[in-house]
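Breakdown of the fold
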Amino acid sequence: MKLAETQKKRWLYLAVCSLGLLFVGVIYAWSILKAPLAQEFGWTASQLAVNYTVMMCFFCLGALFSGWMTKKWVLRKLLILSAVLILLGYSLLALLPGGSLGRLYVLYGVVVGFGIGISYNSLLATGNAWFPDKKGTSSGLMMMCFGFSTMLLGKLAAKMFDLPAFGWRKTFLLLGASIAIVLVLCMLIVRRPTAGDELPAPKKKTGTDNVQPLNSAARETIHRPTFWLFYVYGFLAASVGSTVISFARDLSMSLGAAAETATLLVGILSICNGFGRILCGVSFDTLGRRKTMILASEVTVIAPAIMLAAILSSSLPLAILSFCLTGVSYGTVPTVSAAFIAAFYGTKDYALNYSISNTKLLFSSFSATAAAALLSSTGSYFAPFVLLFAMAVAAFVLVFAIRKP
């Protein structure tokens with residue numbers, strides 16, 4: 001396919017990949033989706049936090065599986081498998097009577113989490129493969145849609161929970177079916193670029209961003225110290241956002257917000273998360289990697305600091321400001337990761353390199369469990385946010401150690 005035709009087609013592919021990521025991004029709506037389960041079965045915040053951790057673990061494993069199988073399977077096979085797993089997990093959880101934590105962890109945490117991980121990595125890698133000249137922008141657009149899912153699908157699900165005609169069971173059924181249908185649509189339209197497709201050349205970088213992609217295989221990438229410095233940076237920065245998302249609704253209500261307002265605030269956090277992703281992507285392509293990461297890290301430090309002030313003063317407005325900054329901060333992590341891996345390590349083994357980098361989310365999910373334990377033991381959100389503030393400062397320091405591949 002000639003360059004002129006590629007320029008047209010690739011934006012269609014990017015739009016369809018973004019649509020798919022909008023639907024599978026419902027994984028981050030857990031703080032909303034867990035509410036009817038807690039109400040009906042009496043499960044505690046700590047028990048439900050474990051499901052979030054299990055889900056994120058298998059999300060990362062699904063992404064790794066996708067990266068490993070990218071060169072062996074066509075995109076269609078991966079998306080079909082993802083659609084089947086997501087539909088199966090939601091349907092069985094909704095249809096089986098009674099409440100069992102083990103069933104929740106297996107069907108939602110393992111099956112749905114793994115399925116979403118497969119489609120997440122497949123769609124992201126495919127969309128970015130068409131934009132070697134705009135790594136940040138393409139990553140940011142897809143990540144923005146992924147982040148907006150909580151606001152759009154999460155809020156819609158919350159409204160459906162309260163309708164007698166639906167309830168949480170029928171809502172889960174419809175959610176699983178909708179995601180599966182969208183993934184089938186992606187499968188029918190999107191394809192990976194081939195040797196016959198003429199793509200625009202990557203833009204040349206200057207100054208501190210003047211690095212040549214190594215175009216290395218995964219086994220070479222993981223032996224480079226810079227990769228692990230970036231990995232730890234991403235783990236620390238992601239831990240802040242991941243933890244806040246896991247109990248954003250409950251935290252809002254503890255500061256005086258009504259249940260409906262608390263759900264809205266989770267949506268606002270999601271919106272800021274989405275905008276943070278696209279802003280970060282554009283910044284990556286214009287200001288460069290280093291300046292973008294410094295700015296993102298500064299926001300990551302400021303967000304928990306403001307939340308500590310909000311907790312001490314019982315101020316909901318300060319908490320809202322912190323939620324907004326946390327959303328922006330958390331949105332920068334996946335966008336920077338996707339663009340960073342492409343810029344430093346090239347496209348040769350991008351899907352697997354990125355999925356390995358993305359396993360930091362597996363470890364960052366444990367921060368939500370640790371924060372929930374601190375909350376249970378102290379009875380206050382202050383201790384968890386002291387921990388998050390310390391992690392944010394450590395991430396900020398690490399940015400200055402990341403210089404070359």
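Quick notes on the rules
Residues numbered from 1 in each chain as written. Predicted model: local features only at pLDDT ≥ 70, side-chain atom pairs only at ≥ 80, totals over all residues. Heavy atoms only, no water. pLDDT = per-residue confidence, 0-100. Helix = DSSP H or I, 4+ residues; strand = E, 2+ residues; numbered from the N terminus. Core = buried A, V, L, I, M, F, W, Y, C linked by side-chain atoms within 4.5 Å. Buried < 20%, exposed > 50% of the residue type's maximum accessible area, 1.4 Å probe, protein only. Contact = heavy atoms within 4.5 Å. Patch = residues over 30% accessible without salt bridge, like charges linked within 9 Å, V, L, I, M, F, W, Y side chains within 5 Å. Areas by Shrake-Rupley, 256 points an atom, 1.4 Å probe, with all protein chains shown as cover. Salt bridge = Lys/Arg side-chain N within 4 Å of Asp/Glu carboxyl O. Phe/Tyr/Trp six-rings, centres within 6.5 Å; stacked < 30°, edge-to-face > 60°. Expected span 1.5 Å × (residues − 1). Bend = angle between axes of the 7 residues up to and from the residue.

Some thoughts on the confidence of the model for the protein
When pLDDT is averaged across the protein, the result is 87; 96% of the residues are at 70 or more. The secondary-structure element of the protein with the lowest mean pLDDT is helix α15 (residues 360–378), recorded at 82, while helix α8 (residues 167–189) shows the highest, at 95.

What about the nonpolar core?
Core analysis: the biggest nonpolar cluster contains 126 residues, and L33, Y90 and F385 have the highest contact counts within it. Looking at this core element by element, the count peaks at 14 residues for helix α13 (residues 316–345). Excluding anything up to four places from it in sequence, Y90 contacts V26, L33, Y108, V112, F172, L175, G176 and I179. Listed in part, the five residues of the second largest apolar core include M69, L85, V111 and I118.

A short note on the environment of I320
Along the polypeptide, I320 turns up in helix α13. When the C-alpha positions of I320 and V266 are compared, they lie 9.6 Å apart, and in sequence the two are 54 residues distant.

Here's the deal with a nonpolar patch on the surface
Taken together, the side chains of L12, L19, V184, L185, L188 and I189 define a hydrophobic patch exposed on the protein surface, amounting to about 460 Å² of accessible area. In terms of residue count, α8 provides more of the nonpolar patch than any other element does, four residues in total. Judged by relative accessible area, which is 38%, L185 ranks as partly exposed.

Remarks on the packing of aromatic side chains
Tallied over the entire structure, the rule returns 27 aromatic pairs. Ring geometry for Y90 versus F172: centroids 5.6 Å apart, planes at 85°, classification edge-to-face. Of the two residues, Y90 sits in helix α5 (residues 75–95) while F172 sits in helix α8, which places them 82 residues apart along the sequence. For the pair shown, Y90 and F172 are each scored as buried. For F172, a relative accessible area of 0% puts it in the buried group. An aromatic cluster is built from W30, F41, W43, Y90, Y108, F161, W168 and F172, whose rings are joined through pairwise contacts.

Observations regarding unusual backbone geometry
With a phi angle near 55°, S314 is a residue other than glycine that sits in the positive phi range. Relative to the helices and strands, S314 is located in the loop between α12 (289–313) and α13. Accessibility expressed as a relative area gives 53% for S314, which makes it exposed.

Remarks on the environment of M69
For M69, the location among the structural elements is in helix α4 (residues 45–69). Spatially, the C-alpha atoms of M69 and R277 are 27 Å apart, while their sequence positions differ by 208 residues.

Some remarks on the pattern of salt bridges
Counting across every chain of the model gives five salt bridges. Here K71 and D349 are joined by a salt bridge, their closest N and O atoms 3.6 Å apart. Here K71 is found in the loop between α4 and α5, whereas its partner D349 is found in the loop between α13 and α14 (350–357), with 278 residues between them in sequence. According to the relative accessible area criterion, K71 is exposed, its value standing at 61%. R191 is paired through a salt bridge with D197; the nearest N and O atoms lie 2.9 Å apart. Assessed through its relative accessible area of 9%, D197 is described here as buried.

A word on helix α6 (residues 101–129)
In a regular helix each residue adds 1.5 Å, so 29 residues correspond to 42 Å; α6 covers 40 Å between its end C-alpha atoms and thus fits that length. Taking the largest bend as the criterion, α6 deviates by roughly 25°, centred on G113. The buried fraction of α6 amounts to 22 of the 29 residues, a majority that puts the element mostly inside the structure.

Thoughts on the environment of R224
Looking at the secondary structure, you find R224 in the loop between α9 (218–221) and α10 (225–254). Residue classification places R224 among the partly exposed positions, given a relative accessible area of 31%.

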